[in-house]
Amino acid sequence: MKRAAALVLTMLLATLLAACAQLPERVILLPDAEGRASALQLQPLEGAQSPLLLNQAYAQADLVRGELRSGLSSAEAVQQAYGPLLAMQPQRPRTFIVHFRTNADGLTPETAPVLAQVRAALAAQAAGELIVTGHTDRVGSPEANDRLSLARAQTVRELLAAMGVARELISVAGRGEREPLVPTADEAAEARNRRVEIKLR
Amino acid sequence: MRSLVFALIALLTSLAVQAADPIGRVKRVSGSVWVDRAGQSLAVQPGMALQVGDRLRTGADGMAGVTLADDSLLTAGHNSQLLINDFQFNTSTHEGGMLATLSRGSLHVVTGLIAKKTPEKVNFKTPSVVLGVRGTEFIVDVPEGRE
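Just to check I follow, could you spell out helix 3 (residues 113-124) of chain A for this structure?
Since one α-helical turn is 3.6 residues long, residues separated by three or four positions face the same way. Residue and element names in this part refer to chain A. Compared with the 16 Å implied by 1.5 Å per residue over 12 residues, the 17 Å span of helix 3 between its first and last C-alpha is a close match. Where helix 3 is concerned, the buried positions are V114, L115, V118, A121 and L122. Mapping the buried residues of helix 3 onto a view down its axis gives an arc of 120 degrees, with all of them on the same face. Summarising the geometry of helix 3, the exposed residues directed more than 90 degrees from the buried face are P113, A120, A123 and A124. Buried residues in helix 3 make contact with strand 6 (94-99), strand 7 (130-135), helix 4 (142-162) and strand 9 (195-200).

Pasting the structure below:
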């Protein structure tokens, strides 16, 4: 009798394990923060199946016995199954901008108070850090602008450190003239592009 | 003398480990979360820097949110194991690449600046599938009981 019970239990366990084993690996494409779906290409590691492309919001792929099957999920279903996971996502990066005078590494006076805002926002964010990235306009060579943009970022780091922001929470980068706010011809002076972006994340 | 040499080597080795560039930071932690690194299992606190080769593990009550150097956001759900196989990112040019493997559990991904510039360089793996990113937000789920 005991033995039969044990057998039933074992069978139940086996059934449960089999049920677990049948839960498919699953991938769901979500719309991005602007509401657009982008795309994912899925390639099984084994078998001869060709890649499956997900390119629609809430498109879903399940891997069942080595084969990818496409389907469609929904905002409600995702929230139901993955709500706590979505709620745990880190804060999306926020960017503050300060501007520089021509060819110099001095800040324009109008934008200096932005640094105080940055300090306050950093203090309010758990495990926050600052990424300070310098940018230039297109006057001068790309190499010179790489150096100038990094120097601008370092200037801003020093200003933040002088305001009491811990230096180890600030990293610097120079993007040179690669990422203008306003596209211009080469050698064009453009005040809006001479800037440092301070990213809080 | 010999012990001094060993002490010096140990010191240099620890400096080398510290000098490894962080590729991101754990931003949010709830429940039990560990990082396996160089044969050790480290309890994770918010703010902890991550390195290539780290395996992030969450317990039955654990979840963790990570921000990588290119602004990618990775959130791991309960009972998850996520290995950062590879990550490179140049902050000047935004060139780089990454590969991460979810061997079990669930993962929410918001891709970052690498995927914006060269999406074909951003890949995720599960035990059975390789995911190629085309600029994206998505969920991957690898239920337990599948090995």
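Back to the write-up after that little detour.
So what exactly am I meant to see when it comes to the environment of B:S80 here?
All names here are of chain B. Tracing the sequence through the fold places S80 in the loop between strand 7 (73-76) and strand 8 (81-89). A relative accessible area of 2% places S80 in the buried class. For the pair S80 and D70, spaced 10 residues apart in sequence, the C-alpha separation works out to 23 Å. Discounting chain neighbours no more than four positions away, the residues touching S80 are L56, R57, T58, L102, R104, G105 and S106. Here the side chain of S80 touches S106 through a polar contact of 3.0 Å, landing on its backbone nitrogen.

What's the story with the nonpolar core in this structure? I'm lost.
Most often, soluble globular proteins keep nonpolar side chains buried together rather than apart. Core analysis: the largest hydrophobic core is formed by 43 residues, its most contacted members being A:L42 and B:F124. For this core, the element with the highest residue contribution is strand 9 (residues 96-110) of chain B, accounting for five residues. Residues within four places of B:F124 in sequence aside, it is in contact with B:L74, B:M98, B:L99, B:A100, B:L107, B:V109, B:V129, B:V130, B:L131, B:V133 and B:F138.

The rules behind these values
Residues numbered from 1 in each chain as written. Chains lettered and ligands numbered in written order. Predicted model: local features only at pLDDT ≥ 70, side-chain atom pairs only at ≥ 80, totals over all residues. Heavy atoms only, no water. Helix = DSSP H or I, 4+ residues; strand = E, 2+ residues; numbered from the N terminus. Expected span 1.5 Å × (residues − 1). Buried < 20%, exposed > 50% of the residue type's maximum accessible area, 1.4 Å probe, protein only. Arc of directions from axis to C-beta. Contact = heavy atoms within 4.5 Å. Polar contact = N/O pair within 3.5 Å; in protein donor to acceptor, adjacent residues only side chain to side chain. Core = buried A, V, L, I, M, F, W, Y, C linked by side-chain atoms within 4.5 Å.

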